[in-house]
Amino acid sequence: MTLVLRMLLRRLLILIPLVLGVVAFVFVVMRFSGVKPEYAYFQGANPTPEQIHQFQVENGLLDPLPLRYVRFVADLAQGDMGTSVLTKKPVIESVTTALPLTLQLTFLGLGVAVVLSLVFGVTAALFRDRWPDQVIRMVSLVGVAAPAFWLALLMIQWLAVGEGLFPTGGYINPADSLTGWLQSMALPALSLSLPIAAQLTRIIRTSMVEELDRDYVRTAIGSGLPMIVVVGRNVLRNALINPLTVLGLRIGYLIGGTVVIETIYGLPGMGQLMINAVRDGDPAVVQGVVLTIAVGFMVVNLVVDILYLLVNPRLRSAT
């Protein structure tokens, strides 16, 4: 446990400069993006140069860039992401409203991807070079090549419009109806998870095959232990070390993929919020969403590092 705490402290110390670097990068990119909050503020109107100048002065847009950056970091430290120039509401309110749905979609998609990849990856390894393995490998290859947005459109056409099994879009709060929530999230979660599940299936299958060829597996089976016991207690745990590393990276793609999936299915999450903000020219909201997603990605990778340490005893002893 002490080693785990030491690694956690080390990763947290590394996380601090990474967060500051992301904050600086997002700040600079947004300032040179060409998006002018003063024009978004007066959207639909015909402001005079005096009105634009007054808005710039009141919001510190004419201050030197280093001063604006220091003020921006100080506000972030207090939980202030700025104010939307369109809704006139704090960005943190919009983010906290949209974030729960994105987290639901991300972790539901992650759960589906993990379950499918474990089932099919282990099955393919146990039936190596036989027909179940060949079928799973072929299907997973197609899944890797299929983009999430194409799967989303295909599922809407087939399962929603054609069969009428699921709604074509929209969101139902689980507090209102758990069944309705599952129906509204089923297709988005599947669209998001299938490409990741296909990639993880191939990686788990390869890791399992390598582990099944090791001497300790043959010794355990030769001593009379059932195959299911050997696989469940030893082989699977050792084989999951490499997939865990890949999973940490894929979670970042899951979070990024929600931007497209939420737009296709009309889900009011972080992706939809960012798309609307980009379209309407609201830089404060775009900035807040990007920062939240980036920090979330780094936190997820920190958690995966800890899980990797817990699963891999050799790494734990070397730390």
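By the naming in an unreviewed UniProt entry, the protein is ABC transporter permease, taken from Nonomuraea monospora. Looking at the protein in UniProt, the text filed under Subcellular location (unreviewed entry) is "Cell membrane". You can read under Sequence similarities (unreviewed entry) in the UniProt record for the protein the words "Belongs to the binding-protein-dependent transport system permease family."

**Student:** Which parts of the structure should I look at to understand the overall build of the protein?
**Tutor:** Summing up its helical and strand segments, the protein has 14 helices and zero strands in all. Shown N-terminal to C-terminal, the secondary structure of the protein runs as helices and strands in the order α-α-α-α-α-α-α-α-α-α-α-α-α-α. Taken over the C-alpha atoms alone, the protein extends approximately 85 × 55 × 35 Å along its principal axes. Counting only contacts in the protein whose residues sit at least 6 apart along the sequence, the fraction spanning at least 24 positions is 72%. Surface accessibility of the protein: about 17400 Å² in total, with carbon and sulfur atoms responsible for 67%. Charge-centre separation for the protein: the mean point of 22 positive side chains lies 12 Å from the mean point of 19 negative side chains.

**Student:** I would appreciate a short explanation of the nonpolar core in the present structure.
**Tutor:** It is characteristic of soluble globular proteins that their nonpolar side chains tend to be buried jointly. Counting residues in each nonpolar core, the largest one holds 28 residues, and the members touching the most others are Leu105, Leu187, Leu247, Ile251, Ile261, Tyr265 and Leu267. Elements that contribute at least two residues to this core include exactly helix H5 (91–126), helix H7 (148–162), helix H8 (178–212), helix H11 (241–265) and helix H13 (283–311). Ranked by size, the runner-up nonpolar core spans 23 residues in total, among them Val95, Val259, Leu291 and Met298.

**Student:** Where do I start with a nonpolar patch on the surface in this structure?
**Tutor:** Residues Phe149, Trp150, Leu153, Leu154 and Val260 make up a contiguous nonpolar surface patch of roughly 490 Å² in combined accessible area. When residues in the nonpolar patch are grouped by element, the largest group, four residues, is from H7. Positionally, Phe149 belongs in helix H7. Looking at Phe149, the relative accessible area reads 45%, which means it is partly exposed.

**Student:** Any chance you could explain the UniProt feature "domain: ABC transmembrane type-1" (unreviewed entry) in the protein here in plain terms?
**Tutor:** UniProt feature "domain: ABC transmembrane type-1" (unreviewed entry): in the numbering of this structure it lies at residues 99–308. Each end of residues 99–308 is marked by a C-alpha atom, and these two atoms are 27 Å apart; helix forms 84% of the span and strand 0%.

**Student:** Could you clarify how one ought to interpret helix H3 (residues 49–58) in this entry?
**Tutor:** Helical geometry note: an α-helix holds 3.6 residues per turn, so side chains three or four residues apart project in the same direction. When H3 is considered as a whole, its buried residues turn out to be Ile52, Phe55 and Gln56. Looking straight down H3, one finds that the buried residues subtend no more than 100° of arc, so they occupy a single side. Turned more than 90 degrees away from the buried face of H3 sit Glu50 and Glu58, all of them exposed. Contacts from the buried residues of H3 go to helix H2 (37–41).

**Student:** What exactly am I supposed to notice about the environment of Gly143 here?
**Tutor:** As for its position among the elements, Gly143 is in helix H6 (residues 131–145). Sequence separation between Gly143 and Leu307 is 164 residues; the distance between their C-alpha atoms is 27 Å. Apart from the residues within four sequence positions on either side, Gly143 is in contact with Pro195 and Ala198.

**Student:** Got a minute to help me understand the side chain of Thr102 in this structure?
**Tutor:** Locating Thr102 in the fold gives a position in helix H5. Within the structure, Thr102 has its side chain in polar contact with the side chain of Glu262 (distance 2.8 Å). In this structure the side chain of Thr102 is engaged in a polar contact, spanning 2.7 Å, whose partner is the backbone nitrogen of Met270.

The rules we used
Residues numbered from 1 in each chain as written. Predicted model: local features only at pLDDT ≥ 70, side-chain atom pairs only at ≥ 80, totals over all residues. Heavy atoms only, no water. UniProt positions renumbered as here; feature names shortened; annotations may be inferred. Helix = DSSP H or I, 4+ residues; strand = E, 2+ residues; numbered from the N terminus. Contact = heavy atoms within 4.5 Å. Areas by Shrake-Rupley, 256 points an atom, 1.4 Å probe, with all protein chains shown as cover. Lys, Arg positive; Asp, Glu negative; His and termini not counted. Charge placed at Lys NZ, Arg CZ, Asp CG, Glu CD. Core = buried A, V, L, I, M, F, W, Y, C linked by side-chain atoms within 4.5 Å. Buried < 20%, exposed > 50% of the residue type's maximum accessible area, 1.4 Å probe, protein only. Patch = residues over 30% accessible without salt bridge, like charges linked within 9 Å, V, L, I, M, F, W, Y side chains within 5 Å. Salt bridge = Lys/Arg side-chain N within 4 Å of Asp/Glu carboxyl O. Arc of directions from axis to C-beta. Polar contact = N/O pair within 3.5 Å; in protein donor to acceptor, adjacent residues only side chain to side chain.

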